[in-house]
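Structure assessment
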Amino acid sequence: MKQTDSKKLFKQALNVIPGGVNSPVRACRSVGIDPVFIDHAFGCFVYDVDGNRYIDYVGSWGPMILGHRHPQVIKAISTVLERGTSFGAPTDLEIELAEMVIAAIPSMEMIRMVNSGTEATMSAIRLARGFTGRDRIIKFDGCYHGHADTLLVQAGSGVATLGIPGSPGVPESFVAHTLSLPYNDIETIQKVMGEQGEKIACIIVEPVAGNMGLVAPVDGFLNTLRELTEKTGSLLIFDEVMTGFRVAYGGAQSLYGISPDISTLGKIIGGGLPVGAYGGRRDVMEHIAPQGPVYQAGTLSGNPVAMAAGIATLKEIRQPGFYDALDEKSERLTAGLRSRAEQIGIEITVDRVGSMAGLFFTGSEVKNFEDAKKSDLEMFSAYYRGMLQRGIYLAPSQFEALFVSSAHNNEYIDQTIRAAAEVFAEIKG
Ligand SMILES: *Cc1c(COP(=O)(O)O)cnc(C)c1O
C-alpha cells in the first residue's frame, strides 16, 4: 500500500504542528506507524491522499453516525451558508436544535450550546460546583471527559494511549478536588460517598465508557450513582458526548432508565461540525449566566452552520427503525469478529452497546480500566496495521471505541470480518 504523499505531508506537518497533529489521538505512535492523511470521505469510506480507500470505523471519533457527506446534512449546511456563517447574536436555529435535544432527552429541561465536548464538561463541572457550593468532584479511571484541567486525572483516550496518569501544566492544586475511582466498582463508590458524600459537588461518568475501549456499565452501577447523589445532594452528570444519539436517540440514559441532573453532549449533535452542549434540570441550569451567577460564554457558540448540521443529522436519525438497523449491522460485525477469533484460536473480548464497540486482546472480562490495560498491546498494534493494510480504518489505539454508521452495509461489514480473520491468523502465526 502506497503512502508516499501521507509521509511527505506528515514530515511537513511535524515542522509546524506539535507531533504533526492537532489532536494527539490522531498520531499513530502507539501502533508504530505515521498517520494517514485524509483527502476526502464519502459514506462509510475515507480516502487518503495516497489514493487508498478505507472502510471507516472512526467516523471522526463518533460524530459521523450517518456516514460522510450525507446529502441532507450537506444540503442544510449549503442552505444556511446563504444567510452567513456567524452573527454572534441569537438565531432561530439554536432554538430548533435545543427543542429537538430536549424532546429526545427529557432530563435536559434547558440546554446551553458550546463548541466542543471539552467545553461542555468543563462548564457542567463549574455549574455543579456553583449550584452545590461544593468543590470536590468524583470521576472514574479510564473515563475521558475532554482536556479541562480538573478532569485530566486517570483519563482515558489519548491520555491512556500515552500511558500517563495526568498532564504537566495542570497544577496539583487544580486536581486536588478531583477524586478518580474505579469504574463499575459499586462498593468503592458506596464507601467514598458514605464518607464524604456531603462534600461532593458531582459525580461525572460516561454511562457507557468509550474512551478505554468499550466498557459497558455493570448492572446496578449507574443506579447506585443516582441513588448516592440523590441522598447526598450531589449532582449526577452523565457525559454523553459520545453516547448521546449514538447508543439510542435518547442517549445511554434512555437505555438504562436513569435521569441525571446534568448531561453533556457533543460529537453527533454537531453533525460533523464543532458543537458541544450541556443541559439538565431547569433549577440547576437557571444558575448559568445571564440568568444566574455561574459564568460561561462563547463567541461562536450556537453557530448557525453547526446548528444546521446538527438539526439535519437529528432529523435523519430520529426516523423510525434507524437504530434497529444500526444495531443489526453492529451485531453482525461484533458477532463475526468473535466467531472468527474463536475459530482461529485468538483470545479476544468484544463488547458492544448499540453502534459502539470495542475489541480487547484478552480472554478475561473487561469491566474497568485495570482490566482494559491487560489487553495485549503488541497484538493490538499488529491488528491495527494488518487492518489498515487491508483497507480498514480503525482508531489507532486500544483505548478507543469503534463506530458503525448507517452508511456501512453488510457487504462492507463482511469484508471487515474477512480482513480481521486474516489478521487474526497472521497474529496467531
Ligand atoms: C470526545 C469526548 C469528550 C471531549 O469532546 P471534544 O469535542 O473532543 O472536546 C468528552 N467526553 C467524552 C465522553 C468524549 O467521548
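Everything that follows concerns the structure shown earlier in this document.
The sections below set out a description of the structure shown in this document. Keep in mind it's a predicted model, so treat the numbers as computed, not measured.

Helices and strands together make up the secondary structure of the protein chain, namely 15 helices and 14 strands. Here the C-alpha radius of gyration of the protein chain, 21 Å, is about what a compact globule of 429 residues would show, namely 22 Å. If one aligns the C-alpha atoms of the protein chain with their principal axes, the spans along those axes are about 60 × 55 × 45 Å. Long-range pairs, those at least 24 residues apart, make up 73% of the contacts in the protein chain with a sequence separation of at least 6. Summed over its atoms, the accessible surface of the protein chain is roughly 18000 Å², and 51% of this surface lies on carbon and sulfur atoms. In the protein chain, 38 side chains carry a positive charge and 48 a negative one; their mean positions are 4 Å apart.

The next point concerns empty space enclosed by the protein. Scanning all chains against the criterion turns up 2 cavities of 30 Å³ or more. A volume near 110 Å³ is recorded for the largest cavity. Every residue along the wall of the largest cavity is listed here: Ala357, Gly358, Leu359, Phe380, Tyr383, Leu394, Ala395, Ser397, Gln398, Glu400, Ala401 and Leu402. Ranked by the residues each element gives to the lining of the largest cavity, the list is headed by strand β12 (residues 356-360), at 3 residues. Partitioned by chemical class, the residues of the lining of the largest cavity number 8 nonpolar, 3 polar and 1 charged. Taken as a whole, the second largest cavity encloses approximately 50 Å³ of empty space.

Rules and cut-offs
Residues numbered from 1 in each chain as written. Predicted model: local features only at pLDDT ≥ 70, side-chain atom pairs only at ≥ 80, totals over all residues. Heavy atoms only, no water. Helix = DSSP H or I, 4+ residues; strand = E, 2+ residues; numbered from the N terminus. Rg over C-alpha atoms; globule rule 2.2 N^0.38 Å. Contact = heavy atoms within 4.5 Å. Areas by Shrake-Rupley, 256 points an atom, 1.4 Å probe, with all protein chains shown as cover. Lys, Arg positive; Asp, Glu negative; His and termini not counted. Charge placed at Lys NZ, Arg CZ, Asp CG, Glu CD. 1 Å grid on protein atoms, 1.4 Å probe; cavity = no way out; pocket = protein on both sides within 12 Å on 5 of 7 lines; lining within 4 Å. Points joined across faces, edges and corners; volume = space filled by probe spheres on them. Nonpolar A, V, L, I, M, F, W, Y, C, P; charged D, E, K, R; others polar.

So, to be careful, I would describe these as geometric facts and stop short of saying anything about function.
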